[in-house]
Amino acid sequence: MSRQDFLSVHTRLVDMGTYYQVSLKERENYDCEFLADKGCTIYEVRPLQCRTYPFWPHVFDDRALYEEEKKSCPGLGKGVLRSAAEIREGLFSTLTEKLLTIVK
C-alpha cells in the first residue's frame, strides 16, 4: 500500500487549535483499528504516534489524565522508573530515527 493510500484509509486529521495532527483512526470504543487480542498487528512498522506513546507531553502535564491513561495502558507506571532526562533522550532518538527514515 502506498503511503498516500495508507494515510487516506487509516488516518484522520485532528484539529489541535493552531495546527492539524495526523492520527490513526480508532474504532467506536476508541481502540486503534490495528489493535488485536494479542496486541498491535503492525508493531514492527507502527507510526511515530505509537512509538512514543504514552510519553506524550499532555499525558504527563496533567496528573488526572496520567491516572486515566494508566487504566488503559498496561505498561504505564510499571517496570523500571526512568528519569525525565532518559525519557527525553529516548524520545529524541526515536524522533531522529524516524525523521532520518522519512528524509531518505
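Rules used throughout
Residues numbered from 1 in each chain as written. Predicted model: local features only at pLDDT ≥ 70, side-chain atom pairs only at ≥ 80, totals over all residues. Heavy atoms only, no water. Pairing = 2+ DSSP bridges. Helix = DSSP H or I, 4+ residues; strand = E, 2+ residues; numbered from the N terminus. Buried < 20%, exposed > 50% of the residue type's maximum accessible area, 1.4 Å probe, protein only. Polar contact = N/O pair within 3.5 Å; in protein donor to acceptor, adjacent residues only side chain to side chain. Contact = heavy atoms within 4.5 Å. Salt bridge = Lys/Arg side-chain N within 4 Å of Asp/Glu carboxyl O. Phe/Tyr/Trp six-rings, centres within 6.5 Å; stacked < 30°, edge-to-face > 60°. Lys NZ or Arg CZ within 6 Å of the ring centre and 35° of its normal.

Undergrad: Just checking my understanding: could you explain the pairing of strand β1 (residues 11-15) for this structure?
TA: A regular strand places its side chains so that they alternate between the two faces of the sheet. Of the strand pairs in this sheet, β1 and strand β2 (residues 20-24) are connected by 5 bridges, and their pairing is antiparallel. Across the sheet, the residue bridging to Thr11 is Leu24, located in β2. Where β1 folds back onto β2 in an antiparallel hairpin, the turn is made up of 4 residues, including Gly17, whose phi is positive at roughly 100°.

Undergrad: Help me understand the side chain of Ser23, please; the structure alone is not making it clear to me.
TA: Position of Ser23 among the secondary structure elements: in strand β2. By relative accessible area, Ser23 is classed as buried at 9%. Here the side chain of Ser23 touches Gln49 through a polar contact of 3.3 Å, side chain to side chain. Sequence-distant contacts of Ser23, defined by excluding residues within four places in its chain, comprise His10, Thr11, Arg12, Val14 and Gln49.

Undergrad: Can you walk me through the pattern of salt bridges in this structure?
TA: Between side chains of opposite charge, a pair can form when the charged atoms approach closely. Across all of its chains, the model carries 4 salt bridges by this definition. Between Glu67 and Arg63 there is a salt bridge, with the nearest N and O atoms lying 3.1 Å from each other. Note that Glu67 and Arg63 are positioned in helix α4 (residues 63-72) at a spacing of 4 residues, about one turn of the helix. Residue classification places Arg63 among the exposed residues on the basis of a relative accessible area of 60%.

Undergrad: Whenever I open this one, the packing of aromatic side chains confuses me. Can you help?
TA: Two aromatic rings are characterised by how far apart their centres lie and by the angle between their planes. Summed over the entire model, instances satisfying the criterion amount to 2 aromatic pairs. Their ring planes at 10° and their centres at 6.1 Å tell us that Phe6 and Phe34 sit as a pair that is stacked. Taken together, the positions of Phe6 in helix α1 (residues 3-10) and Phe34 in the loop between β2 and β3 (35-36) put the pair 28 residues apart, joining distant regions of the chain. On the basis of relative accessible area, Phe6 is assigned to the partly exposed category, the value being 26%. Seen from the ring of Tyr43, Arg46 lies directly overhead, with NZ or CZ sitting 3.8 Å from the centre.

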